[in-house]
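Next come the chains, spelled out residue by residue.
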Amino acid sequence: MQGIHNAEARIAIRGESDVARAIVQARRMSQAAAFQTVDQSRIATTVSELARNILKYAGQGEVILRGCVGATRRGMEIIAEDSGPGIADTDSALSDHYSSGGTLGLGLPGVQRMMDEFALESEPGAGTRVTVRKWL
Amino acid sequence: MSPLDLAARPAEKPLTAAQMLKLYQLETADLENIQSFGESVVPRLDDYVTRFYDWMETQPEFEQFFSDTEKLDRVQRQQLVYWQEFFAAKVDEEYLDKRRVVGEAHARIGLPLQVYLAAMNVSMKLITGNLYKSGLSPDQYATSIHSVSKLMHMDCAIVVQTFSARVNRIMAEQNDALMEMSTPVTSIWDGILLLPIVGIIDSSRGQDIMNAMLAKISKTRARVAILDISGVAVVDTAVANHLIKITKATRLMGCETTISGISPAIAQTIVELGIDVGDIQTTATLRDALVYAFRATGVEIRQAP
Ligand SMILES: Nc1ncnc2c1ncn2[C@@H]1O[C@H](COP(=O)(O)OP(=O)(O)O)[C@@H](O)[C@H]1O
Ligand SMILES: [Mg+2]
């Protein structure tokens, strides 16, 4: 079994099957890192939300999964980035029930609640990057 | 890396001839070197073919791929054309297309990539060694070989890409097939339907599940349905939304759907996502859902004495 701190997976997101691969990979890595079942579920769900947002709003992009090391603990980092249209109003995008796509609008705020660290960077016209961490 | 940099990464779109030339550092001088080297080699290509098949026959794959002589003839003719084109060194879109066709042809018959590359290696040796006679200074010879190997690497890369594109395509197809692998709505008892879902629910599968459930309800007049999601990989907001919609639609048809197989982990993530499950009937296990379904349809379960 590979240690989480040196594991990294980059998954290009272009279609539904890529989302599925990213979810499976996230599940595998979080399991290998010995995250609790609930955290494994949070991580897989996060990857699913972020990858689906890429597909839906940017068309394509990339999900990076990797182990990370903090001052006193280890964890897992998920980066979802795309060069799609970006988000003009990030405050709205992070609030419950806001959706420009007619769906629940709970993905980004939900991810923020499920993860320990959350950062959303976006520039209209340039792209979006979401970086999150979950500590063991 | 900024999100912008993504655009600079190699896309799935194949490179143009100009981009390929740049990537393999093939300059006009290289192409000229290849052409003039070809002047001494192309007239002896028949000899190349003979020697090449002397080698090929020693390979275990030979029997499998070149057994009938008609096929062998055709392949050998194509091989001559291949090298004539190579030494014409006119690298344009048409050239790249032809190389992709070569890759497709080899990938289709299932020739291992390893054998293809070994064959190119042997070809390189034959062409730069046995076939080449004389006429160049040692310096010129070395420069020519360098140019020839650049183009050969480019050719090989195109074939490798074609092979892997094919593998990706097959994987995507298999994935689709798996996704479509039916939504087996089963009538397990009078008026009770069961649909176990395994894997990943995307929007098209969500729609399939909805259609299959509604069709079966209208056919069987089932009053109770169980959607077991214990085998579902993730319940994200989109999946939850699908499940909610399915239960609402079945209710409109007079059928109450229970979602079973909600693990503690899934229950927690659903809450954290902030999803309002409303008055949906859910159970932790399929067993609980069955008990509920039997009760709702008036079936009594008793232990045999
Ligand atoms: N990768 C992205 N690119 C552009 N816009 C995005 C991206 N991800 C999210 N958004 C915007 O943020 C909003 C909220 O996203 P989310 O919370 O996932 O809800 P939903 O996907 O249901 O709309 C989206 O409706 C969209 O406007
Ligand atoms: Mg979303």
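Residues numbered from 1 in each chain as written. Chains lettered and ligands numbered in written order. Predicted model: local features only at pLDDT ≥ 70, side-chain atom pairs only at ≥ 80, totals over all residues. Heavy atoms only, no water.

Quick look at the site of ligand 1
Residue and element names in this part refer to chain A.
- Taken together, 18 residues sit near ligand 1, with Tyr-57, Ser-99, Ser-100, Thr-103 and Leu-108 positioned nearest.
- One nitrogen or oxygen atom from the main chain of Gly-107 is found 3.2 Å from an oxygen atom belonging to ligand 1.
- The protein chains hide 93% of the 530 Å² of surface that ligand 1 would expose on its own.
- Here the residues of the shell around ligand 1 sort into eight nonpolar, nine polar and one charged. (Near = heavy atom within 4 Å. Polar contact = N/O pair within 3.5 Å; in protein donor to acceptor, adjacent residues only side chain to side chain. Areas by Shrake-Rupley, 256 points an atom, 1.4 Å probe, with all protein chains shown as cover. Nonpolar A, V, L, I, M, F, W, Y, C, P; charged D, E, K, R; others polar.)

Re the sheet that holds strand β3 (residues 224–232) of chain B
Residue and element names in this part refer to chain B.
- Across the sheet, five strands lie side by side as β1-β2-β3-β4-β5; this open sheet has mixed pairing. The sheet is open, and its two edges are formed by β1 (186–189) and β5 (281–282), each paired on a single side.
- Here strand β4 (residues 256–260) runs beside β5; their pairing, made up of two bridges, is parallel. Within the sheet, the bridge partner assigned to Thr-258 lies in β5 and is Gln-281.
- Relative to the sheet, helix α9 (residues 203–220) contacts β1, β2 (192–199), β3 and β4, its axis offset from that of β2 by approximately 165°. (Pairing = 2+ DSSP bridges. Helix = DSSP H or I, 4+ residues; strand = E, 2+ residues; numbered from the N terminus. Contact = heavy atoms within 4.5 Å. Axes fitted to C-alpha atoms, helices over the stretch in contact; angles between N-to-C directions.)

Some thoughts on the domain arrangement of chain B
- Looking at the assigned domains, one finds that chain B contains domain 1 (3–178) and domain 2 (186–296).
- Put simply, the middle of domain 1 of chain B and the middle of domain 2 of chain B, counted by C-alpha atoms, are 54 Å apart. (Domains from an automatic or database assignment.)

A closer look at the nonpolar core
- Ranked by internal contacts, the top residues of the largest apolar core, which has 65 residues, are Ile-13, Val-63 and Leu-65 of chain A together with Leu-227 of chain B.
- It is helix α2 (residues 37–58) of chain A that provides the largest number of residues to this core, a total of seven residues.
- Residues in contact with Leu-65 of chain A, not counting those within four places in the same chain, are Ala-7, Glu-8, Ala-9, Ile-11, Ala-22, Gln-25, Ala-26, Met-29, Val-47, Met-76, Glu-77 and Ile-78 of chain A.
- Grouped together as the second largest cluster of nonpolar side chains are 49 residues, Ile-34, Phe-52, Phe-62 and Ala-107 of chain B included. (Core = buried A, V, L, I, M, F, W, Y, C linked by side-chain atoms within 4.5 Å. Buried < 20%, exposed > 50% of the residue type's maximum accessible area, 1.4 Å probe, protein only.)

What to know about the pattern of salt bridges
- In this structure the tally under the stated criterion is 29 salt bridges over all chains.
- Note that Glu-104 of chain B and Arg-166 of chain B form a salt bridge whose closest N and O atoms lie 3.8 Å from each other. One end of the pair, Glu-104 of chain B, is in helix α6 (residues 93–108); the other, Arg-166 of chain B, is in helix α8 (residues 138–180), and 62 residues separate them in sequence.
- Judged by relative accessible area, Glu-104 of chain B falls into the partly exposed class, the value being 23%.
- Accessibility expressed as a relative area gives 21% for Arg-166 of chain B, which makes it partly exposed.
- Taken together, the shared-partner salt bridges in this structure form one network comprising Glu-8, Arg-10, Glu-62, Arg-66, Glu-77, Glu-117 and Arg-133 of chain A. (Salt bridge = Lys/Arg side-chain N within 4 Å of Asp/Glu carboxyl O.)

As for the interface of chain B and chain A
- Across the contact, 31 residues belong to chain B and 31 residues belong to chain A.
- For the pair chain B and chain A, the summed buried area comes to about 2,500 Å², and 57% of that belongs to carbon and sulfur atoms.
- Across the contact surface, chain B and chain A share two salt bridges.
- Note that Glu-272 of chain B and Arg-42 of chain A form a salt bridge whose closest N and O atoms lie 2.7 Å from each other.
- Our count for the contact surface shared by chain B and chain A stands at nine residue pairs in polar contact (both at pLDDT 80 or more).
- Only α10 (237–252) and α11 (264–273) of chain B provide two or more residues apiece to the side of chain B that touches chain A.
- Counting residues per element, the side of chain B that touches chain A draws most heavily on α11 of chain B, at six residues. (Buried area = accessible area lost by both parts, 1.4 Å probe.)

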